[in-house]
Amino acid sequence: MIPRIYIPGDSGALALGAEKVAKAVRAELAERGIEAKIVRNGSRGAYFLEPMVEVATANGRVAYGPVKPSDVKSLFDCGFLTGGHHKRWLGAPDKIPFLAKQTRLTFARCGVTDPLSLDHYKAHGGLNGLQNAVAMTPADIVKQVTESGLRGRGGAGFPTGIKWKTVLDTSAARKYIVCNADEGDSGTFADRMIMEGDPFVLIEGMAIAGIATGATKGFIYIRSEYPHAVAAMQKAVEIARKAGVLGVNVLGSANSFDMEVRIGAGAYVCGEETALLDSLEGKRGQVRAKPPLPAHKGLFGKPTVINNVISLASVPVIMDKGAAFYKDFGMGRSRGTIPIQIAGNVKYPGLYEAAFGMTLGEIVDDIGGGTATGRPVKAVQVGGPLGAYFPRALFDTPFDYEAFAAKDGLIGHAGIVVFDDSADMLKQARFAMEFCAIESCGKCTPCRIGSTRGVEVLDRLAQNIEPEKQIALVTDLCNTMKFGSLCALGGFTPYPVMSALNHFPDDFRPTPVAEAAE
Ligand SMILES: Cc1cc2nc3c(=O)[nH]c(=O)nc-3n(C[C@H](O)[C@H](O)[C@H](O)COP(=O)(O)O)c2cc1C
Ligand code: SF4
């Protein structure tokens, strides 16, 4: 059997030099006259070990990382094709502590399989969920997804089954499934990892959604900053179509479902579902007033399911193993697993899929290993640019939608960004207001005007001009934005601003210049 070498083609691994490593491995193979198959797999998500190269040996896979091109010659000298020891040797990938402790349901295949091999996908449990779905009634599929407790992973945590039921119950000649792959939140990369590392699972999830709701056409709206994900999805859709997974007879059944990839133009607000629909329709991406809900009148005015990549990619395992299996993980009303993306100033950045319920402290300190700089953690922003900053005092908060809401925070798309004690929280609050001003779609006044005024107020505060007055003003402004904005861009910007102000008040009362000089 010819040796098999896995070198990630994932964008994160590529950014860390995976392509150069692949080139060096190819050159070394040629020079030594060794025949081997190089598989460009996805990443397993332990980015501090990327580029992580694996070889398939008689005793299972053996990993090496982080591999530099200059390591390649010595890797061959050490017999890495049979798992030989080397300074980059990591052993069996699933025994690496960061990976061993995870519960991988949605990401079970990511980094393991060849992303574009349908045979590999099937050999690892792929298509079992769709196979079950084609033998069921739409109502039963919806029931199973509802009973699993799956909630939208895009940010709002809305129950996926209820959304699907609304579309199923709305009669129309045409319905759509739209996958939101705009992934604009800071520190998030789960959608990208799935699309690059296991694209068929998203296709399978969308096909199930189509069969469950009576939709025959799907669109994946991917941000333009993800060219590798776009390429992987386009190729995977083609392969799935040729294999009869998509098309007029899905898996040989009477169900018809097909899809195509569309590319966004780079606006954060186009991740908001109704702005996304406008953008998909070829218009400027602007938020629509609700009602009507997209489930009633969505894309081109037709009933539409809009779900995040991870929501859809979690459906196949539910349809394969059952609602009870999935629901068994988690806590409270947060069921199943959540792929937590650990980023920012952190020692072990990466994707960590686990059942809901770990505390923020466990995630930051135990899994993330604290800061990369070695300085104390000051704050953690959870849930993207509209998420609250959590101080260490709140690190006992469990990762659960309701627990985070109770602390004036949100889980969002489950991205966490770590800051050390050198962070200036007044600057972070200003950044949130400025981000909102730049990204605002301009439709409503509290967001369009409020965010610009917010920047001005925080600038005056930084200059120590009547600080107490500015604090009262920004608090009032945040209240107006929170309750008066049409969508969550303006409505949630107060979360980072007010959490920074409430948890780090000292940063908002800069020492007067004269006093500092004394
Ligand atoms: C400003 C803004 C940006 C958003 N960006 C995204 C995004 O990039 N991806 C996403 O899935 N949801 C995003 N959302 C949430 C979507 O509006 C919507 O709730 C989600 O796509 C629904 O899918 P889900 O139920 O599977 O989470 C955003 C919302 C707002 C207000
Ligand atoms: S809150 Fe901002 S982004 Fe949302 S509709 Fe209003 S102006 Fe547009």
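Please read these numbers as outputs of a predicted model, since none were measured by experiment. (Residues numbered from 1 in each chain as written. Chains lettered and ligands numbered in written order. Predicted model: local features only at pLDDT ≥ 70, side-chain atom pairs only at ≥ 80, totals over all residues. Heavy atoms only, no water.)

Caption draft 1: Representation of the pattern of salt bridges within the structure. Tallying each qualifying case throughout the model produces 33 salt bridges. Notably, a salt bridge pairs Glu225 with Arg223, separated by 3.0 Å at the nearest N-O pair. In this structure, Arg375 and Asp421 form a salt bridge, with 2.7 Å as the shortest nitrogen-oxygen distance. Here Arg375 is found in the loop between α16 (360-367) and β14 (377-382), whereas its partner Asp421 is found in the loop between β16 (415-420) and α18 (425-439), with 46 residues between them in sequence. What you see here is one network of salt bridges that share partners, running through Glu28, Glu31, Arg32, Lys73 and Asp77. (Salt bridge = Lys/Arg side-chain N within 4 Å of Asp/Glu carboxyl O. Helix = DSSP H or I, 4+ residues; strand = E, 2+ residues; numbered from the N terminus.)

Caption draft 2: Spatial organisation of helix α22 (residues 494-503). Burial analysis of α22 places 8 of its 10 residues in the buried class, the great majority of the element. Restricting attention to buried positions, one finds in α22 the residues Pro494, Tyr495, Pro496, Val497, Met498, Ser499, Ala500 and Leu501. Those residues of α22 that are buried lie in contact with β14, β15 (389-391), α18, α20 (467-484) and α21 (488-492). (Buried < 20%, exposed > 50% of the residue type's maximum accessible area, 1.4 Å probe, protein only. Contact = heavy atoms within 4.5 Å.)

Caption draft 3: Summary view of the packing of helix α9 (residues 190-197) against helix α10 (residues 199-213). Two elements in contact, α9 and α10, have axes separated by 5 Å at closest approach and are oriented at 100 degrees. Here α10 runs roughly perpendicular to α9, going by the angle between their axes. Across from Ile194, Met195, Glu196 and Gly197 in α9, the residues of α10 making contact are Pro199, Val201 and Leu202. Of the residues that constitute the contact of α9 with α10, the class distribution is 5 nonpolar, 1 polar and 1 charged. (Axes fitted to C-alpha atoms, helices over the stretch in contact; angles between N-to-C directions. Parallel < 35°, antiparallel > 145°, perpendicular 65-115°, else oblique. Nonpolar A, V, L, I, M, F, W, Y, C, P; charged D, E, K, R; others polar.)

Caption draft 4: The site of ligand 1, seen in detail. Not every one of the 19 residues close to ligand 1 is listed here, only the nearest: Gly154, Lys163, Asn307, Asn308 and Ser311. In the model, an oxygen atom of ligand 1 is placed 2.9 Å from a nitrogen or oxygen of the Asn180 side chain. Separating an oxygen atom of ligand 1 from a backbone N or O atom of Asn308 is a distance of 2.8 Å. Taken by itself ligand 1 offers 610 Å² of open surface, and the protein chains cover 91% of this. Counting only elements with at least two residues in the shell around ligand 1, the list comes to β9 (304-308) and α21. The element that contributes the greatest number of residues to the shell around ligand 1 is β9, accounting for 3 residues. Taken together, the residues that form the shell around ligand 1 break down as 4 nonpolar, 9 polar and 6 charged. (Near = heavy atom within 4 Å. Polar contact = N/O pair within 3.5 Å; in protein donor to acceptor, adjacent residues only side chain to side chain. Areas by Shrake-Rupley, 256 points an atom, 1.4 Å probe, with all protein chains shown as cover.)

Caption draft 5: Region of interest: the sheet that holds strand β8 (residues 258-263). Taken together, 4 strands build an open sheet; the order of strands is β8-β7-β6-β9 and the sheet is parallel. A single partner strand is all that each edge strand has here, and the edge strands are β8 and β9. Between one strand and the next, the sheet's axes are offset by a mean angle of 20 degrees, whatever the strand orientation. Pairing of strand β6 (residues 176-181) with strand β7 (residues 217-222) involves 6 bridges; the strand directions are parallel. In the sheet register, Ala181 faces β7, and the bridge partner there is Ile222. (Pairing = 2+ DSSP bridges.)

Caption draft 6: Highlighting the nonpolar core. If you look at the biggest cluster of nonpolar residues, it comprises 62 residues, and the most contacted ones within it are Trp164, Met195, Leu202, Ile203, Met206, Ile220 and Ile222. Considering every element that reaches this core, the biggest residue donor is α10, with 10 residues. When sequence neighbours within four positions are dropped, the list of residues in contact with Met195 reads Ala181, Leu202, Ile220, Ile222, Tyr226, Ala229, Ala232, Met233 and Val309. (Core = buried A, V, L, I, M, F, W, Y, C linked by side-chain atoms within 4.5 Å.)

Caption draft 7: Summary view of the site of ligand 2. Around ligand 2 lies a shell of 13 residues, among which Cys441, Lys443, Cys444, Cys447 and Cys487 are the nearest. Tallied by class, the residues present in the shell around ligand 2 amount to 8 nonpolar, 4 polar and 1 charged.

Caption draft 8: Quick peek at empty space enclosed by the protein. Considering all chains together, one arrives at 2 cavities of 30 Å³ or more under this definition. Of the voids in this model, the largest cavity is the one considered here, and its volume is about 60 Å³. As for the largest cavity, its lining consists of Val269, Val287, Cys441, Lys443, Cys444, Cys447, Leu486, Cys487, Leu489 and Gly490. When its residues are assigned to classes, the lining of the largest cavity shows 8 nonpolar, 1 polar and 1 charged. Estimates place the volume of the second largest cavity at around 30 Å³. Within the lining of the second largest cavity, the residues separate by chemical class into 2 nonpolar, 3 polar and 3 charged. (1 Å grid on protein atoms, 1.4 Å probe; cavity = no way out; pocket = protein on both sides within 12 Å on 5 of 7 lines; lining within 4 Å. Points joined across faces, edges and corners; volume = space filled by probe spheres on them.)

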